[in-house]
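Tertiary structure, described
The lines below spell out each chain.
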Amino acid sequence: MKRPLTESAEDNPNPSTKLSKISMEKRRKRLPEVILVEILARLPMKAIARFKSVSKKWNSETESPYFIRRYFSLHPNSSTWSLMFLTKLYHPITEAIGFHGGDTWDLPKSLASYVLPFQPYPNLPTVNNYYYVASSNGLIWIEVYLTHHNRRSFVGNPVSKQWVEIPPPPNKCAATGLVTRVENGLVTSFKVVRTCSNQTRNVWRVYVYSSETGLWSFKRLLSFCPVDGANPPVNIDGKLYLWEKDSHEEDLMENFIPKEFGFLVGFDFYRDDNKCQVVPLPIPDNKYVRRCLTTSRGDVMYVEILYRRLKVWRLSSNNPEGSELLWELSREEINLASIGFDVFCFPLAMNPFDGDIIYLWSREHDCVVTGNLQTLEFVLHQESENWSSSSNGGCYRFNKLDCKRYMDGFRNETSTSVVILSQYALPSSTCMITCVVQSLFNCFLITLFCFTYIFAVL
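Residues numbered from 1 in each chain as written. Predicted model: local features only at pLDDT ≥ 70, side-chain atom pairs only at ≥ 80, totals over all residues. Heavy atoms only, no water.

**With respect to the overall build of the protein chain**
- From N to C terminus, the protein chain includes eight helices and 26 strands.
- Within the protein chain, the proportion of its 458 residues that are buried is 48%.
- Long-range contacts, defined here as pairs at least 24 residues apart, represent 54% of the contacts in the protein chain between residues at least 6 apart.
- Summing over all exposed atoms, the protein chain offers an accessible surface of approximately 23,700 Å²; the carbon and sulfur share of this is 53%. (Helix = DSSP H or I, 4+ residues; strand = E, 2+ residues; numbered from the N terminus. Buried < 20%, exposed > 50% of the residue type's maximum accessible area, 1.4 Å probe, protein only. Contact = heavy atoms within 4.5 Å. Areas by Shrake-Rupley, 256 points an atom, 1.4 Å probe, with all protein chains shown as cover.)

Structure, rendered in structure tokens:
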């Protein structure tokens, strides 16, 4: 006998039952913010960038200072970066050291490989037309030479393929550096700096392009040390630091004391004053010293090797305003011979995210050397066509051939030269890419509006 059909809950709903079901659904959909942060903070940045577009709530959560601090704590040393050679005209863009993958960005290839083919001009026949100038917080400045007298400047993010073309400066000037402003872990703007030719004594004349206005401005920056801007700078927190040789002129300013090994000249391009900071390099009076200027964990670092003794200095300020700069030893001097590593080395750079890791060039073995300043372990790296696994979960590769070509240029150099390579690093912040793209788009709109207005007036 068949069981008689009865009315279902849907046909004859009980009001109290319906309300309880709705409240249960709401409770299931409501996820505590703490749990949400803990889940998102454990994902790769590529996944987080997608989740940011799901809702305003998730976008707000991933841009909060608490989330950024939590993400840093879970991913302390895992990022994606390359140690780049500053290329000259008709020389391809190459990297000395590349690290990619890991659990931060989870990229399948190195940063240099994202630059080419160049997205705004994908059909150019060769890569020799591209010139790597500088990078800052994930942004990169590329110059493209269409002809010998026709070149274009672009700033953007090669990974996300977002680029903005920078208009030419009012007058002829040389490419110098790129700086960015970071607020609460977010890149909000950038500035392109070019140095004018025919520098006057103790005045650094520059043109500065701002993404906030879409315009060029001219600045006369005062310095106790003569500045020519010929050497590549390092940049941190909106500042450019240039190494300048002594001019050995007798009529220098009274406050300027000549030093045989040069000075470091710094300027913050997000401040309203026009005075540069000048500090001598902390170096002994010896022509056999080998040295490099680099950055690590947000500090300007200076490394010197003299008679197998390695010193690492950190640039700091002795007051909150940072009006006066000085050098501090970041750790005790290391005698390379005493730890069984008595080879002829040049310092190349430091790891941008790990202050214990340094990279050297061994002229004796013609290869790159990785040194751990904490454990005093030094490893020789021969040419590697394939990527090797890293302890941080990513992959790394060393470009021995191009490093040798670059370092051969220092074969006959003495202490008057400093090795300065460019650190192109994707920042360890989940919201950098989105804010950078928005900043670039705003820059484009401002520039377009200015040109439209001028055209309408004319």
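Now that the structure has been shown, we can carry on.
**Quick word on the nonpolar core**
- Ranked by size, the top nonpolar core spans 38 residues in total, and within it Trp81, Ile97, Leu310, Phe341, Leu348 and Leu360 carry the most contacts.
- For this core, the elements supplying multiple residues, two or more each, are strand S1 (80–84), strand S2 (95–101), strand S16 (299–306), strand S17 (309–317), strand S20 (345–350), strand S21 (357–362), strand S22 (367–372) and helix H7 (400–408).
- Here Phe341 is in contact with Leu336, Leu360, Val369, Phe378 and Leu380, once residues within four sequence places are set aside.
- Formed by 19 residues, the second largest nonpolar core is a distinct cluster that contains Leu293, Trp313, Leu325 and Val418. (Core = buried A, V, L, I, M, F, W, Y, C linked by side-chain atoms within 4.5 Å.)

**Digging into the confidence of the model for the protein chain**
- Predicted confidence across the protein chain gives a mean pLDDT of 76, with 69% of residues reaching 70 or more.
- This model gives residues 1–11 a pLDDT under 50, and the stretch forms one contact once residues within four places in sequence are excluded.
- Segment residues 248–258 is flagged for pLDDT under 50; beyond a separation of four residues in sequence, or across chains, it makes 17 contacts in the model. (pLDDT = per-residue confidence, 0-100.)

**A look at the pattern of salt bridges**
- All told, the structure shown has 13 salt bridges when counted by the stated rule.
- Of the charged contacts, one joins Glu143 and Arg194 as a salt bridge, the two residues approaching to 2.2 Å between their closest N and O atoms. Of this pair, Glu143 sits in strand S4 (residues 139–147) while Arg194 sits in strand S8 (residues 186–196); the two residues are 51 residues apart in sequence, bridging distant segments of the chain.
- What makes Glu143 buried here is its relative accessible area of 1%.
- By relative accessible area, which is 3% here, Arg194 ends up buried.
- Residue Asp402 pairs with Arg405 through a salt bridge whose shortest N-O separation is 3.4 Å. (Salt bridge = Lys/Arg side-chain N within 4 Å of Asp/Glu carboxyl O.)

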